[in-house]
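Architecture and fold: a report
So you can see what is in the structure, the chains are spelled out below.
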Amino acid sequence: MAHIVVLGAGTGGMPAAYELRATLDKTHRITVVNALDYFQFVPSNPWVAVGWRQRSETTLPIAPALNKKGIDFIAQRVEKIDAEGNALELADGQRLAYDYLIITTGPKLAFDEVPGAGPAGHTQSICTIEHAEKAWADYQQFLQEPGPAIIGAMPGASCFGPAYEFAFIFNRDLQKRKLRHKVPMTFVTSEPYIGHMGLGGVGDSKSMLEGDLRGHAIQWITNAKVTKIEAGTMHVTEMDEAGQPKKEHQLPFKYSMMLPAFKGVDAVAAVPGLCNPRGFVLIDEYQRSQKYRNIFSAGVCVAIPPVEVTPVPTGAPKTGYMIETMVSAIVHNLAAELAGRPEQATARATWNAICLADMGDTGAAFVALPQIPPRNVNWFKKGKWVHLAKVGFEKYFMYKMKHGTAEPIYEKHVLKALGIERLEHLTGQQKP
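First, a word on scope: everything that follows refers to the structure included in this document.

Calculation rules
Residue numbers run consecutively from 1 along every chain, following the written order of its sequence. Confidence filtering applies because this is a predicted model: local features only for residues at pLDDT of at least 70, side-chain atom pairs given and counted only at 80 or more, and all residues used for totals across whole chains, interfaces and linings. Derived side-chain values reflect all non-hydrogen atoms in the structure, with water molecules and hydrogen atoms excluded from consideration. Where helices and strands are cited, they refer to DSSP runs of H or I of at least four residues and of E of at least two residues respectively, numbered from the N terminus. We compute the radius of gyration from the C-alpha atoms alone; for a globule the expected value is 2.2 Å times N to the 0.38, where N is the number of residues. Burial status follows relative accessibility: with a 1.4 Å probe on protein chains alone, a residue under 20% of its type maximum counts as buried, one over 50% as exposed, and anything between as partly exposed. Residue contacts are defined here by distance: any two heavy atoms, one from each residue, within 4.5 Å place the two residues in contact. Methods summary: accessible areas were calculated by the Shrake-Rupley approach with a probe of 1.4 Å, and residue burial reflects only the protein chains presented. Positive: Lys, Arg. Negative: Asp, Glu. His and the chain ends are not part of the count. Taken as the charge location is NZ of Lys, CZ of Arg, CG of Asp or CD of Glu. We call a set of buried Ala, Val, Leu, Ile, Met, Phe, Trp, Tyr and Cys residues a nonpolar core when their side-chain atoms join them within 4.5 Å. Strand pairing is assigned whenever DSSP identifies at least 2 bridges connecting the two strands. Here an angle of 0 to 180 degrees is reported between the N-to-C directions of two axes, which are lines fitted to C-alpha atoms, with helices fitted over the stretch in contact. By the definition used in this description, the sense in which the near helix is turned from the far one sets the handedness, with an anticlockwise turn below a right angle giving left-handed and a clockwise turn giving right-handed. Nonpolar residues are Ala, Val, Leu, Ile, Met, Phe, Trp, Tyr, Cys and Pro. Charged residues are Asp, Glu, Lys and Arg, and all others, Gly as well, are polar.

1. A few points about the overall build of the chain
What the chain contains, in helices and strands, is 12 helices and 22 strands. Here the C-alpha atoms of the chain give a radius of gyration of 21 Å, agreeing with the 22 Å that 2.2 N^0.38 yields for 432 residues. Across its three principal axes, the chain shows a C-alpha extent of roughly 65 × 50 × 40 Å. In the chain, buried positions account for 56% of the 432 residues. For the chain, contacts bridging at least 24 residues in sequence account for 66% of all contacts bridging at least 6. For the chain, the exposed area adds up to about 17,400 Å²; of that, 51% sits on carbon and sulfur atoms. Here the chain contributes 45 positively and 42 negatively charged side chains, and the mean placements of these two sets differ by 4 Å.

What follows is the structure, encoded as structure tokens:
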């Protein structure tokens, strides 16, 4: 019997646990470890931040959901990973031994890299439910005395989609409140151009998103290096294409939401030889640690090189479909190894970017197959149907987390909704 520990219970960890339980023999023990005792659906946080969703709609207790599937759960922060000793040291002093470890922790939010950034400083965040609730509380105060607003992403950011989402949702909510005319808006981003999204652009993303920003009177600054944030003022150095300072901006604001750069969480980053300098897990093509053969990893916490060098550093996003296929590859490979067939542990994730982004009363969807150009599919569309699809996806994903279905959501539902059913044919990659 093997003991498999899943570290992290987010959009990678929870599906990993369910798929492991559905795939492996019941003699194998599965334990999920997470610092919090609840699951949160992070893609809903832009809605929470403007009062369109409540915490109760986007979170659920983890233990009951996992326990009814025969999966153990420990709500503790991990202080140390003893990779040589095959054990986790938890905040309560407990030492948890494992045979295999799957790291799905998500990122550490690097607000500290820009003085004054983050909920503890002068900008809001939608990276956690707590951040989104604080953003909503501050937004309600802002509505009493509106003024300039800044939304965007800071140097080193890799997840740009939610910044665009929040800009358009924020815009739409102000329109519904008849307050939009009182709020000058600026989108400040480390991307080299609007619609880059850490992917080198997808389809007509540049022209379409520029058109939408322009149509909603949202100004923008690209190649933006945010250097300092003070109460009511954001200091931004706009860089040229060679990465040299082009213009200094001191932007006034009364409300700001800026996405941070990501790093690896402390306990993971501290393991010798496990991670790159930013703390992201170094994996091989089969999602396995390059140093520790009994450690696998999936999701935002894995190391993926940027798509291209940009004047202000940007990272490559890890989208939901990519994470889903990472998890499936790990489960397939671990099952093969436990069955005594290590030569069959060769499943690979499908490294493609597929995203549904809400824009308030409409939405945008993009498909980049593969993620790094040149691509077999390079597609970007928008319409009200994407808004409706995102709402439906949220409900289905929460149902899956509550009831423990191992069905791959993107493969079974999202891709077919987009008219894509034969990814392996398009990309030349076999599904795990």
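2. A word on the nonpolar core
Core analysis: the largest hydrophobic core is formed by 64 residues, its most contacted members being Ile-81 and Leu-88. Per-element tally for this core: the top contributor is helix 9 (residues 320–338), with seven residues. What Leu-88 contacts, discounting residues up to four positions off in sequence, is Val-5, Val-33, Val-78, Lys-80, Ile-81, Gln-94, Arg-95, Leu-96, Tyr-98 and Leu-101. By size, the runner-up hydrophobic cluster in this structure holds 43 residues, among which are Val-202, Leu-213, Ile-218 and Met-359.

3. Details of the sheet that holds strand 5 (residues 72–75)
By way of backbone hydrogen bonds, the strands of a sheet pair with one another, either parallel or antiparallel. The parallel open sheet is built from five strands, whose spatial order is 5-2-1-9-19. Every interior strand has two partners, whereas the edge strands, strand 5 and strand 19 (295–297), have only one. Neighbour to neighbour, the strand axes of the sheet diverge by 20 degrees on average, direction disregarded. Contacts from helix 1 (residues 13–23) reach strand 1 (3–7), strand 2 (29–34) and strand 9 (100–103), with the element oriented near 175 degrees to strand 2. Its contacts with the sheet place helix 9 against strand 1, strand 9 and strand 19, and it is angled at close to 175 degrees to strand 9.

4. Thoughts on the environment of Ile-30
Of note, Ile-30 is situated in strand 2. As for Ile-30 and Leu-60, which are separated by 30 residues in sequence, their C-alpha atoms are 20 Å apart. Excluding anything up to four places from it in sequence, Ile-30 contacts Ile-4, Ala-17, Leu-20, Arg-21, Ile-71 and Asp-72.

5. Some points on the packing of helix 1 against helix 9
Each pair of packed helices gets described by two things: the angle between the helix axes and the distance between those axes. Their axes nearest at 10 Å, the elements helix 1 and helix 9 cross at an angle of 35 degrees. The hand of the helix 1/helix 9 crossing is right-handed. Residues Pro-15, Ala-16, Glu-19, Leu-20 and Thr-23 of helix 1 form the contact with helix 9, whose participating residues are Val-327, Ser-328, Val-331, Leu-334 and Ala-335. Of the residues belonging to the contact of helix 1 with helix 9, the class tally is seven nonpolar, two polar and one charged.

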